[in-house]
Amino acid sequence: MSDEIRTIGVLTSGGDAPGMNAAIRAVVRTSLAYGRKVKGIRKGYSGLLKNDIIDLDSRSVTDIIGVGGTFLYTSRSAKFRTPEGQKQAAQICRDNGIDGIVIIGGDGSFRGAKALSKYGINVVGVPGTIDLDIACTDYTIGFDTAVNTAMEAIDKVRDTSTSHERCSIIEVMGRNCGYIAIGCGIANGAEEIILPEYYNYDEERIVEHIIESRQNGKRHYIIINAEGIGHSTSMARRIEAATGIETRATILGYLQRGGCPTARDRVMASMMGAYAVNILVAGKTDRVVAYKNGDLCDFDIDEALNMTKSIDSLEYSVANILSR
């Protein structure tokens with residue numbers, strides 16, 4: 001272990017995700033186990049620039065493991081995107097004796113971490129986003145809870161869709177990626193899954209399949225639409241006009257970010273938070289924690305940000321087969 005890291009800061013940045021509190025808890029208690037001091041930076045990079053920093057001890061994180069959101073709060077900061085803001089933030093870290101920071105968030109948060117590192121602050125990123133859109137890792141904190149939340153909501157929509165013999169378009173979050181959509185599509189047994197990665201905007205094919213399904217005796221039709229495609233309400237109007245079947249759009253929105261994290265998110269967040277502290281006190285910096293092929297590992301921030309990934313073709317194929 002390196003003796004250079006004496007005080008560790010922790011912040012959450014960007015969109016909140018269930019499990020962030022579990023990750024903070026792990027960072028705090030692991031740091032204390034190594035004999036380090038811990039400081040919580042409230043309201044992300046915006047709070048850092050305002051010196052909104054508090055001391056944390058083991059009791060500070062009691063009973064937060066099952067609470068959604070982030071008790072340190074989160075925000076986005078335009079000022080931090082400037083070199084002047086980044087330099088100021090690094091100096092505030094030094095003024096508070098913070099030698100290293102664990103930053104919990106997504107790609108934008110990691111770019112912020114890289115900027116801090118250029119001014120001499122040791123940084124480690126932990127992937128916290130419901131969208132699962134960080135390419136270096138197979139898992140991100142909050143994804144499992146978001147999918148389960150959406151799945152339960154879609155089950156309820158299906159009940160009323162069946163009762164009224166409707167077509168229902170249900171829009172789920174995910175930014176420009178379709179991971180939540182395909183997860184819900186398979187879990188909910190949807191008849192159609194529209195993903196940014198695969199959609200060719202052939203709405204006529206969807207209309208034909210809805211009509212064919214109705215002719216074959218199917219009384220309802222569930223379409224899972226990814227946020228990256230959007231326009232669910234106008235799509236519903238067009239489908240109803242083309243099929244003559246009552247069609248409604250439901251946009252689940254921010255309810256997918258909230259709620260108590262699942263067991264998987266609590267465990268993964270705890271492991272990732274502890275791992276981040278382990279590598280930080282071992283002398284590593286400019287790293288992103290990842291979960292690959294069943295193991296925790298870490299990547300250089302630049303390498304992580306330059307990676308790409310997409311929906312698994314086998315998963316997409318299975319989803320299409322099961323929807324028929």
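Description of the structure in this document. All figures in this text were calculated on a predicted structure; none of them were measured in a lab. (Residues numbered from 1 in each chain as written. Predicted model: local features only at pLDDT ≥ 70, side-chain atom pairs only at ≥ 80, totals over all residues. Heavy atoms only, no water.)

1. Things to note about empty space enclosed by the protein
For step 1, the next point in the chain: What the rule picks out here adds up to two cavities of 30 Å³ or more.
For step 2, the next point in the chain: Computed from the structure, the largest cavity encloses a volume of approximately 50 Å³.
For step 3, the next point in the chain: Taken together, Arg166, Cys167, Ile210, Ser213, Arg214, Lys218, His220, Tyr221 and Ile245 form the lining of the largest cavity.
For step 4, the next point in the chain: Across the lining of the largest cavity, the residue classes break down as four nonpolar, two polar and three charged.
For step 5, the next point in the chain: Around the second largest cavity, the lining residues are Glu191, Glu192, Ile193, Ala319, Asn320, Ser323 and Arg324.
For step 6, the next point in the chain: Listing elements by their share of the lining of the second largest cavity, those giving two or more residues are strand S7 (192-194) and helix H11 (313-322).
For step 7, the next point in the chain: Each residue belonging to the lining of the second largest cavity can be placed in one class, and the counts come to two nonpolar, two polar and three charged. (1 Å grid on protein atoms, 1.4 Å probe; cavity = no way out; pocket = protein on both sides within 12 Å on 5 of 7 lines; lining within 4 Å. Points joined across faces, edges and corners; volume = space filled by probe spheres on them. Nonpolar A, V, L, I, M, F, W, Y, C, P; charged D, E, K, R; others polar. Helix = DSSP H or I, 4+ residues; strand = E, 2+ residues; numbered from the N terminus.)

2. Brief notes about a negative patch on the surface
For step 1, the next point in the chain: Negative charge collects at one region of the surface, where Asp202, Glu204, Glu208 and Glu212 lie side by side.
For step 2, the next point in the chain: Here Glu212 shows up in helix H7 (residues 203-215). (Patch = residues over 30% accessible without salt bridge, like charges linked within 9 Å, V, L, I, M, F, W, Y side chains within 5 Å. Areas by Shrake-Rupley, 256 points an atom, 1.4 Å probe, with all protein chains shown as cover. Salt bridge = Lys/Arg side-chain N within 4 Å of Asp/Glu carboxyl O. Lys, Arg positive; Asp, Glu negative; His and termini not counted. Charge placed at Lys NZ, Arg CZ, Asp CG, Glu CD.)

3. A closer look at helix H5 (residues 143-163)
Quick reminder: α-helices carry 3.6 residues per turn. Residues three or four places apart thus point the same way.
For step 1, the next point in the chain: Along its 21 residues, H5 runs 31 Å from first to last C-alpha, staying within 8% of the 30 Å computed at 1.5 Å per residue.
For step 2, the next point in the chain: Here H5 has its buried residues at Phe143, Asp144, Thr145, Ala146, Val147, Thr149, Ala150, Ala153, Ile154, Val157, Arg158 and Ser161.
For step 3, the next point in the chain: Elements that come into contact with the buried residues of H5 comprise strand S6 (167-172), helix H6 (179-187), strand S8 (221-226), strand S9 (247-251) and helix H9 (263-281). (Expected span 1.5 Å × (residues − 1). Buried < 20%, exposed > 50% of the residue type's maximum accessible area, 1.4 Å probe, protein only. Contact = heavy atoms within 4.5 Å.)

4. Section: the sheet that holds strand S3 (residues 53-56)
For step 1, the next point in the chain: If you trace the seven strands from one edge of the open sheet to the other, you get S3-S2-S1-S4-S5-S10-S11, paired in mixed fashion. Edge positions in the sheet fall to S3 and strand S11 (295-300), since each has one partner strand and no second. Here the average twist between neighbouring strands, direction ignored, is 30°.
For step 2, the next point in the chain: The pairing of strand S1 (residues 7-12) with strand S4 (residues 100-105) spans five bridges and is classified as parallel. In the strand pairing of S4, Leu11 is matched with Ile103.
For step 3, the next point in the chain: The sheet contacts of helix H4 (residues 107-117) involve S4, strand S5 (122-127) and strand S10 (287-292), and relative to S4 the element is tilted by about 165°. (Pairing = 2+ DSSP bridges. Axes fitted to C-alpha atoms, helices over the stretch in contact; angles between N-to-C directions.)

5. Brief notes about helix H3 (residues 83-95)
For step 1, the next point in the chain: Along its 13 residues, H3 runs 18 Å from first to last C-alpha, staying within 8% of the 18 Å computed at 1.5 Å per residue.
For step 2, the next point in the chain: Among the structural elements, helix H2 (44-49), S3, S4 and H4 are those in contact with the buried residues of H3.
For step 3, the next point in the chain: Two residues or fewer after H3 comes Gly97, characterised by a positive phi angle close to 75°.

6. Digging into the pattern of salt bridges
For step 1, the next point in the chain: Summed over all chains, the structure comprises 16 salt bridges.
For step 2, the next point in the chain: The salt bridge partner of Glu165 is Arg219, with a shortest N-O separation of 2.8 Å. One end of the pair, Glu165, is in the loop between H5 and S6; the other, Arg219, is in the loop between H7 and S8, with 54 residues separating them in the sequence.
For step 3, the next point in the chain: We classify Glu165 as partly exposed; its relative accessible area is 35%.
For step 4, the next point in the chain: Close ionic contact of Arg287 with Asp298 constitutes a salt bridge, the shortest N to O distance being 2.8 Å. Of this pair, Arg287 sits in strand S10 while Asp298 sits in strand S11, placing them eleven residues apart in sequence. Each member of the pair Arg287 and Asp298 is classed as buried.
For step 5, the next point in the chain: A single salt-bridge network, built from bridges that share partners, covers Arg166, Glu240, Glu246 and Arg248.

Structural measurements only, silent on function.
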